[in-house]
Amino acid sequence: MSNVDGHDAGTPTWFDLMTPDLAGAQKFYGDLFGWTFIQGTAETMYYTMCQKNGRNAAGMGKRPEDAPYPTSWSVYFDTRDADATAAKVREFGGQLMMEPMDVMDQGRMLVCVDPTGAVFGFWQGRVHKGAQIIDEHGAMTWCEVATRESEKAAAFYSKVLDVEARKMPMEMPGMTYYTLHKGDKAVSGIMQMNEQWDASIPPHWMPYFAVDSAEDACKKIEELGGKVMHGPFDTPYGRIAVVADPYGATFSIIKLSAAAMAA
């Protein structure tokens, strides 16, 4: 079990889902990941804490029918000062979709768009300090932005997150990937979308959840009405599949390799 009580500034702190069917999503993810749920009141628009072993693993909320954003998972990074971070986002070429705002006594958040078009958020924790469990079945473990302008994205995130972007040597021709490092630890990534990606797919952040078995998880996803979009396939970091829930929200699963767990 990998329990945590907080996250470093500039590192992923929280994933959450906006879905048209809160009850259906709870059924799907509960069966897939073994989550239990603490659903909020109407005051919080029924925002729900998804828990694993009694600890917060992720969040989900009801997507309004007239919402201008799709059914999707979102990635949030830790910040110690949401207002200062908002200024940095603007300074280095990003835009704000949602200005810094208080979420009751839980924390302060903002939602941004990077200079290449990918949407992400920041969370300044107060009572709620982000995920309390990582790197095990049903818990967050990695995230990466897929973009057609990886060099521009690397420059932006290096400044805004205060991380170091390192271009990875790749054996596959035409593939470009950066890892973003906080000190010696890789905390997230940047993937170049090449000509193999459908032109209709916009730049986006992809959350990864750890699973005990990629094959078993893919089978379960299909049984529960989701789809396996790509994989499973092997990487040095584990066995990965890109999947979608029954309502169209995409995410990735990974059976972490021993090397990834030791990093």
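Our structure's up above, just so we're on the same page.
One structure accompanies this document, and this report is about it. (Residues numbered from 1 in each chain as written. Predicted model: local features only at pLDDT ≥ 70, side-chain atom pairs only at ≥ 80, totals over all residues. Heavy atoms only, no water.)

Quick notes on unusual backbone geometry
Thought 1: Across the junction of G231 and P232, the peptide omega takes the value 5°, indicating a cis bond.
Thought 2: Mapped onto the elements, P232 comes out in strand β14 (residues 227-235).
Thought 3: If you check the backbone angles, Y46 has positive phi at about 60° while not being a glycine.
Thought 4: For Y46, a relative accessible area of 40% corresponds to the partly exposed category.
Thought 5: Located in the positive-phi region is D162, a residue other than glycine, with phi close to 55°.
Thought 6: Its place among the elements puts D162 in the loop between α3 (150-161) and β10 (164-167). (Helix = DSSP H or I, 4+ residues; strand = E, 2+ residues; numbered from the N terminus. Buried < 20%, exposed > 50% of the residue type's maximum accessible area, 1.4 Å probe, protein only.)

Topic: the environment of S72
Thought 1: Its place among the elements puts S72 in strand β5 (residues 72-78).
Thought 2: According to the relative accessible area criterion, S72 is partly exposed, its value standing at 22%.
Thought 3: When the C-alpha atoms of S72 and A244 are compared, they prove to be 9.5 Å apart, with 172 residues separating the residues in sequence.
Thought 4: Residue contacts for S72: discarding those within four places in its chain leaves D16, L17, M18 and A249. (Contact = heavy atoms within 4.5 Å.)

Considering the nonpolar core
If you look at soluble globular proteins, the nonpolar side chains tend to sit buried side by side.
Thought 1: The biggest cluster of nonpolar side chains holds 59 residues, and the ones touching the most others in it are Y29, W35, W73, Y157, F251 and I253.
Thought 2: Judged by nonpolar contacts, the second largest core, of 7 residues, contains A210, I240, V242 and L256. (Core = buried A, V, L, I, M, F, W, Y, C linked by side-chain atoms within 4.5 Å.)

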